[in-house]
Amino acid sequence: MRIAVIHVAQETNDFNPKLTTLDDYRSFGILDGADVFEKMRGYGQIGGYLHAVEESGIAVESVPIIRGYAVAGGRISREAFDFFQKKIRDGLTAAGPIDGLALQLHGACAADGIDDVEGAQVELCRSLLGADVPIVLGLDHHANITRKIIDNCDAIVGHRTQPHDTFDTGVVGTRLLLRILTEKLKPVIAWRKIPLVSHQEQFLTSQGPMKIWFDRAREMEQDPRVLQVSNYPMQPWLDVAEGGWSAVVVTNGDRALAEELADELADLCWSLRDEFQVREAVPVDEAVLRADAADKGVVIISDTGDTVFGGAGGDSNVILEAMLRLGIRGKALMPMISASTAHKLAAAGEGAEVTLTLGGDTATAFFQPLEVTGVVRRIGGGIVKIDYNQQSELDLGCAVVFEVGPVTMLITEFRGVAGNVPSVYRVMGIEPAEYKMAVLKTASNFQYFAPIASQLIRADTRGPGQSDVLTLPWQRVPRPMYPLESFEDWRAHSSQPGLVPARG
Ligand SMILES: [Zn+2]
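Being a predicted model, the structure only gives us computed values, none of them experimental.

Engineer: Can you lay out unusual backbone geometry for me, pointing to particular residues and giving the numbers?
Structural biologist: Gln162 connects to Pro163 through a cis peptide bond whose omega is 0°. Structurally, the position occupied by Pro163 is in the loop between β5 (155–158) and α7 (166–183). Residues other than glycine seldom take positive phi values, yet Lys184 does so here, at roughly 55°. When you line up the elements, Lys184 lands in the loop between α7 and β6 (187–194). At Ala418, a residue that is not glycine, the phi angle is positive and equals roughly 50°. Position of Ala418 among the secondary structure elements: in the loop between β14 (407–412) and α13 (422–426). Among the residues examined, Ala418 registers a relative accessible area of 7% and is labelled buried.

Laid out in structure tokens, this is it:
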């Protein structure tokens, strides 16, 4: 049995105007050939694929096609889109006959001029493989499910948790693909499109409404007729033509059951719609003062407006400005992504005192440059080892530790993991545990700092990843969209309300 493996992933934030380029993918490593399995063993969906194949004991010849990953950011360039289309086309053509495809994408990627990147990728694979080769698609559960995605794959598997366990998704998807191939299953997919968006403050699957919704999906999978159930709370900053949340149910040949369960999941989600909108973030000054007054560190301040893991630019100076103005006493850590600033500081040299403007050089609609004076503590960067669930190393480009009063900033050329993973500071000679507070550029991924964190405070920051979805400059999502508009019946405004009439 021969199975081809493709992994191409990026999550797009439409309110970050800076395009994601091939250089962004290269900083995480674009792999093909034997490198795909050698470097990704144990990591991400590819690691999960290898694990599932090995545990199965089935004689599988695995054919690696391409692995490209970039951290979330602005839309991908047309060059990057075309590059991966060519890699997929050339790779699958050269692979010769295969029995199945493990296709591992993100689901919330948009390109310059193309809203539905994954739809185009799945469609390309289907056109090359024909109708009879099963394609099992692994997606991030913040994906935007589209008609083109549904029409071109046999089954879809989404992450089961937030924070994500991408390895797990690879395992689950591969087990399903192997079952389809060896047990001759006949998967059918039912899906519902829910006209809903929400910020990420209620996105953890371990608590609140998301737990209720995801727990129900897991319960449904206990039925042996059900092959896979997944919920897709679309990432909140994707402004695309078919945008919105989804529920997807795959059964073994039982269309009626799939439709019934998809209806139930969409109804359950809709009943929780206002709970998903509950905000916990506090004003920026309050967040900073509370963190500074805390008994012990490390207090995590979540800068959701500038969430790099949600695709924002990493150029916000909003919390920095507040920390300097309020005169915090504790020491703070903060990342910033700016190629020009990193190079400028590196040119000044270690020990130099430099006055320059910081931030506001990417998402200029949200941030103004802030003039500061600081000292260059350390220059470094390049390819570093990190503790990250997607891979073990990445390229920071030029990286500089810049001390601005009580704030220690890590300013990098490439996006990397911003400051969301402690080891990115450690490779620059900084121990995060010694700090009172750390600004994280994520709304959900606090797991890396959890071992040294004392508490979490969400700051209500503006930016491309802001929680206030009502004032974002939406242009392309279908309207009406809850809560941008208020309405009672999700089916009345759904592009995919389902085949079964509403019950009740
Ligand atoms: Zn996600």
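Resuming the write-up.
Engineer: Let's hear about the sheet that holds β6: which residues, and what values?
Structural biologist: What the 3 strands build is an open sheet, ordered β6-β8-β7; its pairing is antiparallel. Each edge of the sheet is formed by a strand with only one pairing partner; in this case those strands are β6 and β7 (226–232). Sheet twist, expressed as the average angle between the axes of neighbouring strands with direction ignored, equals 10°. Sheet topology places β7 next to strand β8 (residues 245–252); 6 bridges connect them, and they run antiparallel. Bridge assignment links Ser230 to a residue of β8, and that residue is Val248. In this fold helix α8 (residues 208–220) packs onto β6, β7 and β8, with an angle of close to 165° to the strand it touches most, β7.

Engineer: Describe the coordination of the zinc ion, with residues and values.
Structural biologist: Only Asp140 (OD), Asp140 (OD), His142 (ND1) and His164 (NE2) from the protein coordinate the zinc ion, and they sit 2.1 to 2.5 Å from it. Coordination at the zinc ion is irregular: its 4 donor atoms span angles of 55 to 149° at the metal. The sequence pattern describing where the donors of the zinc ion fall on their chain is D-x1-H-x21-H. For the pair shown, Asp140 and His142 are each scored as buried.

Engineer: Mind laying out the domain arrangement of the chain, listing which residues take part and the relevant values?
Structural biologist: Its domain assignment divides the chain into domain 1 (2–276) and domain 2 (284–459). With 28 residues of domain 1 in contact, the opposing surface of domain 2 contributes 26 residues. Broken down residue by residue, the surface that domain 1 buries against domain 2 is led by Ser27, Phe28 and Tyr43, which jointly contribute 22%. Summed over the shared surface of domain 1 and domain 2, the result is 0 salt bridges. For the pair domain 1 and domain 2, the number of links is 10 residue pairs in polar contact (both at pLDDT 80 or more). Going through the elements one at a time, α1 (22–28) and β2 (61–69) are the ones with two or more residues in the side of domain 1 that touches domain 2.

What counts as what
Residues numbered from 1 in each chain as written. Predicted model: local features only at pLDDT ≥ 70, side-chain atom pairs only at ≥ 80, totals over all residues. Heavy atoms only, no water. Helix = DSSP H or I, 4+ residues; strand = E, 2+ residues; numbered from the N terminus. Buried < 20%, exposed > 50% of the residue type's maximum accessible area, 1.4 Å probe, protein only. Pairing = 2+ DSSP bridges. Axes fitted to C-alpha atoms, helices over the stretch in contact; angles between N-to-C directions. Contact = heavy atoms within 4.5 Å. Donors = N, O, S within 2.8 Å, 3.2 Å for Na, K, Ca; no water. Tetrahedral: all angles 85-135°; square planar, octahedral: opposite > 155°, others 65-115°. Domains from an automatic or database assignment. Buried area = accessible area lost by both parts, 1.4 Å probe. Salt bridge = Lys/Arg side-chain N within 4 Å of Asp/Glu carboxyl O. Polar contact = N/O pair within 3.5 Å; in protein donor to acceptor, adjacent residues only side chain to side chain.

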